[in-house]
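Coordinate analysis (summary)
So the chains spell out like this:
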Amino acid sequence: MTNSVSPLQAARAAYQPKLPKVLAESGPNVVAAEGAPTTSVADNESIQRLFPKSYGLPVVTFQAGVGKATQALSVGVILSGGQAPGGHNVIAGLYDGLKKISPNSNLYGFLGGPSGLTENQYVKFDDAFINAYRNTGGFDIIGSGRTKLEKEEQFATVVQNCKALNITGLVVIGGDDSNTNACMLAEYCAKNNTGIKVIGCPKTIDGDLKNEWIEASFGFDTASKVYSELIGNIERDANSAKKYWHFIKLMGRSASHIALECALQTHPNIALISEEVEAKKMTLREIVEEIATAVKKRADAKKDFGIVLVPEGLIEFIPEMKTMIAELNDLLADPYFNGLNDDDDKHQFLNKKMGAGSAQAFNTLPGGIQRQLMMDRDPHGNVQVSRIETEKLLIDLVGDLLNEWKAKGHYKGKFSGQNHFFGYEGRCAAPSNFDADYCFSLGYTAAALLGAGKTGYLSSIRNLTKTADQWVAGGIPLTMMMNIERRHGKEKAVIKKALVELDGKPFLAFAEKRAAWATEDAFLYPGPIQYFGPASVCDRPTETILLERS
Ligand code: FBP
């Protein structure tokens, strides 16, 4: 294999990620101080019934001193779900932590996500292997996947495959769905006395795996900075050419954290926040009117250009669409629907089975969007919102409404829309210093948790707005974050997603400024991520975490 790397990659390979002081000074064999027993965020009784072995575990905080990790450990790791910058550093941190516990420790990487565990596809890491991936973006070290591990037979196969390699610890690097599965696996392993411990690491660019204890999911920092750089570039182009309205859809399957963070970094004219749309019960028509009104106001001031940020998950938060999609999700799981090949037959079936309101909402959408909504769900039952072209839908509807207004003499401007979708551009970017340090620390902490004999925990690094030496490492029980939600037409125990809070500081900071941003040209151009240079530029975390935690 030729090993060609770019000059930046070569320089970046030498970067030594920073660790919390307790781990940097004492290594991973530290004292695991335990707090009081915990409860789940909601539905306590149901969660306790489903997870009798893992429910109520205490929060763990690592403190200086000597812990009980004395023996070499054999551990398996998977990357699960969508790519997020920093995944390679989680594995590097885990590897270094395990080798520090004992040079005879082994780390196995299961290939292609959770399916690697059931299909027994793995590699064994060594120094050269790991060194080639330090501080790089991507998940290509072992690949990722979205296979859902939730059945007892799957768990039994996982245990069998792990036992064959003497693996006693598994680390699942994933988002809310993958860590829900990690919790189920931990429970299964404990219930069946397998001796296998399971630890999760909070990954997702979407930023929605967070709570009081998990301050951020990794990848959010880098991805939102990449998108913000691109948005800033487009703002500058718009402000130069003065002839286009750019509608930019931003990843984030459900929560609008990325759209909000990018808005705070770039000051666009309009940023839609799905959670607000839902809270205000806005219809699609009202959203379109709101955008068109802003376009008209700017046109009145001779500004026929602007920037609109659209969160990827918007459509599911518009109440009429949300109800329709929920009904659609159940109907798409119907074997009869799945037996139909013809689009017209599918349509007829849906129209017959959907409630009147949902059928009406569905039929107001253009055929292309209807087809996108009928596409397969992901293995976790989610609509694949990255494939729904909401940004184009909005351009069309805003254009139509402005034409109506023009005909009535209410609007005299020129509206020309350009659509963009930023998602895949940021998911494998070279991790920012923040993500490089955070991820390495998460992996190292996962090794420390396994060394301390813990299972059913999410690796946690807190105090993230401070310098890395002041970060606090530990573990948060996975059951603590769980509640019951409806998925695939059934009630399920899942980790609760963190949506944008409308009374939270990031949203309030945005809400205070947005009226001015709509009319003025207050664009901010953040520029590309910097890896070398002053800490004030290179190590600055996101605006979201600064506002939430400072
Ligand atoms: P995770 O929740 O698995 O981290 O993935 C997030 C995400 O990037 C979403 O923002 C996006 O909607 C989705 O993955 C895209 O999925 P895919 O990679 O399957 O196209």
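Our structure's up above, just so we're on the same page.
These remarks concern the structure in this document. Everything quoted here is computed from the prediction, not taken from an experiment.

With that out of the way, let us pick up the pattern of salt bridges. The full count for this structure, using the stated rule, is 22 salt bridges. Close ionic contact of Asp 437 with Lys 18 constitutes a salt bridge, the shortest N to O distance being 2.9 Å. A residue pair is termed long-range when its members are at least 10 positions apart, and Asp 437 in helix α20 (residues 433-451) and Lys 18 in the loop between α1 (7-13) and α2 (21-26) qualify at 419 residues. Under the relative-accessibility criterion, Lys 18 is labelled partly exposed at 32%. A single salt-bridge network, built from bridges that share partners, covers Lys 18, Asp 437 and Asp 539.

Surveying the vicinity of the ligand reveals 14 residues, the closest of which are Gly 82, Arg 146, Asp 206, Glu 312 and Tyr 424. Arg 146 places a side-chain nitrogen or oxygen 2.8 Å from an oxygen atom of the ligand. Contact distances for the ligand include 2.8 Å between an oxygen atom and a side-chain N or O atom of Glu 312. Within the complex, the protein chains bury 85% of what would otherwise be the 480 Å² of accessible surface of the ligand. Residues that form the shell around the ligand fall into these classes: 3 nonpolar, 5 polar and 6 charged.

A few words now on the packing of helix α13 (residues 319-332) against helix α15 (residues 343-353). At a closest axis distance of 11 Å, the pairing of α13 and α15 adopts a crossing angle of 120°. It follows from the interaxial angle that α13 and α15 lie oblique. Where α13 crosses over α15, the handedness of that crossing is right-handed. Contact residues: Glu 327, Leu 328 and Leu 331 in α13; Phe 349, Leu 350 and Lys 353 in α15.

Let us look at the pairing of strand β4 (residues 106-110). Here β4 lies mainly inside the structure; 4 of its 5 residues are buried. With 4 bridges connecting them, strand β3 (residues 74-79) and β4 associate as parallel partners. Its bridge partner being in β4, Ser 74 is matched across the sheet by Asn 106. The parallel pair β3 and β4, bridged by helix α4 (residues 87-101), forms a crossover whose chirality is right-handed. When β4 meets strand β5 (residues 122-124), the two strands line up antiparallel, connected through 3 bridges. Looking at β5, one finds that Tyr 108 is bridged to Lys 124.

Bringing empty space enclosed by the protein into the picture now. The full count for this structure, using the stated rule, is 3 cavities of 30 Å³ or more. Put simply, the largest cavity is a space of about 80 Å³. In terms of lining residues, the largest cavity is bounded by 11 residues, among which Ile 78, Leu 149, Val 172, Ser 178 and Asn 181 are the most central. Here the lining of the largest cavity gets 4 residues from one element, more than from any other, and that element is helix α8 (residues 176-191). Residues that form the lining of the largest cavity fall into these classes: 6 nonpolar, 5 polar and no charged. Counted as a void, the second largest cavity has a volume near 50 Å³. Contributing to the lining of the second largest cavity are Gly 207, Lys 210, Glu 215, Ala 216, Ser 217, Phe 220, Thr 542, Thr 544, Ile 545 and Glu 548.

In spatial order, the strands read β9-β10-β8-β11; together these 4 strands make up an open sheet with parallel pairing. What marks the edges here is a single partner per strand, and that holds for β9 (270-271) and β11 (417-422). Pairing between β9 and strand β10 (residues 306-311): 2 bridges, direction parallel. Following the sheet pairing, Ile 270 is matched in β10 by Val 308. Most of the contacts of helix α18 (residues 390-407) go to β11, to which it runs at about 165°, and overall it touches β8 (245-250), β10 and β11.

Quick look at the side chain of Ser 460 now. With respect to the element layout, Ser 460 can be found in strand β12 (residues 457-462). Once residues lying within four places of it in the same chain are set aside, the contact partners of Ser 460 are Trp 213, Ile 214, Leu 442, Thr 445, Val 472, Ala 473, Gly 474, Gly 475 and Ile 476.

How each quantity is defined
Residues numbered from 1 in each chain as written. Predicted model: local features only at pLDDT ≥ 70, side-chain atom pairs only at ≥ 80, totals over all residues. Heavy atoms only, no water. Salt bridge = Lys/Arg side-chain N within 4 Å of Asp/Glu carboxyl O. Helix = DSSP H or I, 4+ residues; strand = E, 2+ residues; numbered from the N terminus. Buried < 20%, exposed > 50% of the residue type's maximum accessible area, 1.4 Å probe, protein only. Near = heavy atom within 4 Å. Polar contact = N/O pair within 3.5 Å; in protein donor to acceptor, adjacent residues only side chain to side chain. Areas by Shrake-Rupley, 256 points an atom, 1.4 Å probe, with all protein chains shown as cover. Nonpolar A, V, L, I, M, F, W, Y, C, P; charged D, E, K, R; others polar. Axes fitted to C-alpha atoms, helices over the stretch in contact; angles between N-to-C directions. Parallel < 35°, antiparallel > 145°, perpendicular 65-115°, else oblique. Left-handed = near helix turned anticlockwise from the far one by under 90°. Contact = heavy atoms within 4.5 Å. Pairing = 2+ DSSP bridges. Right-handed = clockwise from strand over helix to strand, strands pointing away. 1 Å grid on protein atoms, 1.4 Å probe; cavity = no way out; pocket = protein on both sides within 12 Å on 5 of 7 lines; lining within 4 Å. Points joined across faces, edges and corners; volume = space filled by probe spheres on them.

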